[in-house]
Amino acid sequence: MNQDSVSPSVANDFQALRETGEAGGASLSIGRAVGRARDRVAQGLIRCGATPNRITIVGFLLTCGAAYCLMQGASHQVWYLHTGPGPASAWPALAALLLFLAGACDMLDGAIARVGRMGTRAGAVLDSSVDRFSDMAIYTGCFLHFALLPAPSVTYQLLALVALCNGVLISYIKARAEDIIPDCSVGYWLRGERFAAILIGCACGHVPAVLWQMAIGCLFTVWRRLSYAYAAVAALESGRPAPPRGPVPGWRGRLQLWRRPRGSIAYDLVTGANIAYIVVGPVFWPALLATEPWTDPLRRLWF
């Protein structure tokens, strides 16, 4: 598709991909279609009197509803994919529905601000802050679920806490680093990827598997942002160019698929592997379902 046929807001979604000159994958086509639909919906909401801040608050309330559902059933499977031991209920599916609506609001508030020229600095601060509150709500719901079980799970309480810390650190390091360097948008697990993982995990009834993913996998993005920020600041102070935000040069870079930009074929492969882990991983490894005897492996090992 010619870039001129895409609205500026949609084109900006894949600026990093255009800068690399890499071929686009399926996520590029999907992203462009979603972006165009988002902007059309935003135009309709503007005609109905919607404002970015109102949409932001509605999204947060929906996320709080999803957090309540997770507090009730984070370890439950959904009845339509009940493949192993453990309880099944509608709580994860209801959380997935509310998160889907909350995610739509998260996309639309920025689109309304942009299309309707209603963006303000105060609104940007509100949107960013509510994103952090939303992360806190989701993982607090998971933490409370495992804390309120008849036999509380130390393992999954810890995973929820580490996942929350990772999400906050990923955003904080970027914000702090960009006070000094121009850009710190590095690492695979951006907020959109983390949000999508939780949404898919809820829809499949595999939230415990996602907690492992968010607690361990996101640590690599925390480290990537921290190490990149350190290297970029050191380069700035010595008058050298900033290090590449993508793969390193040479054969090692060709293997670093997770460093490729959104919309690329390599990005699609990494994303497909992460989705496959969430959907089918617990089927082949029931330990990821947080059921006996794997409800609390840390307690079994150390307590």
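Each value, and the rule that gives it
- Residues numbered from 1 in each chain as written.
- Predicted model: local features only at pLDDT ≥ 70, side-chain atom pairs only at ≥ 80, totals over all residues.
- Heavy atoms only, no water.
- 1 Å grid on protein atoms, 1.4 Å probe; cavity = no way out; pocket = protein on both sides within 12 Å on 5 of 7 lines; lining within 4 Å.
- Points joined across faces, edges and corners; volume = space filled by probe spheres on them.
- Nonpolar A, V, L, I, M, F, W, Y, C, P; charged D, E, K, R; others polar.
- pLDDT = per-residue confidence, 0-100.
- Helix = DSSP H or I, 4+ residues; strand = E, 2+ residues; numbered from the N terminus.
- Contact = heavy atoms within 4.5 Å.
- Buried < 20%, exposed > 50% of the residue type's maximum accessible area, 1.4 Å probe, protein only.
- Axes fitted to C-alpha atoms, helices over the stretch in contact; angles between N-to-C directions.
- Parallel < 35°, antiparallel > 145°, perpendicular 65-115°, else oblique.
- Left-handed = near helix turned anticlockwise from the far one by under 90°.

Peer 1: An account of the layout of surface pockets is requested, with residue identities and associated values reported.
Peer 2: A probe as big as a water molecule, rolled over the atoms, marks out the empty space that is left. Quantified by volume, the second largest pocket comes out at close to 260 Å³. Forming the boundary of the second largest pocket are 16 residues, of which Leu149, Ala151, Ala290, Glu292 and Thr295 lie nearest the centre. Class assignment for the residues of the lining of the second largest pocket results in seven nonpolar, five polar and four charged.

Peer 1: Could you give an account of the confidence of the model for the protein, naming the residues involved and the relevant values?
Peer 2: Per-residue pLDDT for the protein has a mean of 89; in total, 95% of the residues score no lower than 70. Considering each helix and strand of the protein separately, the mean pLDDT is smallest for helix 1 (residues 8–12), with a value of 49, and largest for helix 4 (residues 52–73), with 97. Here residues 1–11 scores under 50 on pLDDT; set against residues more than four positions off or in separate chains, the count is 17 contacts.

Peer 1: Quick rundown of empty space enclosed by the protein? Include the residues and the values.
Peer 2: Per the stated rule, a full pass over the model turns up three cavities of 30 Å³ or more. Every residue along the wall of the largest cavity is listed here: Thr63, Ser134, Asp135, Ile138, Tyr139, Ala163, Gly167, Arg191, Arg194, Phe195 and Ile198. When contributions to the lining of the largest cavity are tallied by element, the ones reaching two or more residues are helix 6 (121–147), helix 7 (154–177) and helix 8 (191–204). Of the residues in the lining of the largest cavity, the class split is five nonpolar, three polar and three charged. What lines the second largest cavity is a set of 16 residues, among which Gly59, Ala102, Asp106, Asp131 and Ser134 lie closest to the centre. Counting only elements with at least two residues in the lining of the second largest cavity, the list comes to helix 4, helix 5 (91–115), helix 6 and helix 8. Taken together, the residues of the lining of the second largest cavity break down into six nonpolar, five polar and five charged.

Peer 1: If you had to explain unusual backbone geometry to someone new, which residues and values would you point to?
Peer 2: Backbone geometry places arginine 117, a non-glycine residue, at a positive phi of 55°. Mapped onto the secondary structure, arginine 117 falls in the loop between helix 5 and helix 6. Look at arginine 117 and you get exposed, because its relative accessible area is 79%.

Peer 1: Quick rundown of the packing of helix 5 against helix 8? Include the residues and the values.
Peer 2: Contact geometry of helix 5 with helix 8 gives a least axis separation of 7 Å together with a crossing angle of 155°. As summarised for this structure, helix 5 and helix 8 are arranged roughly antiparallel, according to the angle between their axes. For helix 5 against helix 8, the interelement crossing comes out left-handed. Residues Pro92, Ala93, Ala95, Ala96, Leu99, Phe100, Ala102, Gly103 and Asp106 of helix 5 lie in contact with helix 8, whose contacting residues are Arg191, Phe195, Ile198, Leu199, Cys202 and Ala203.

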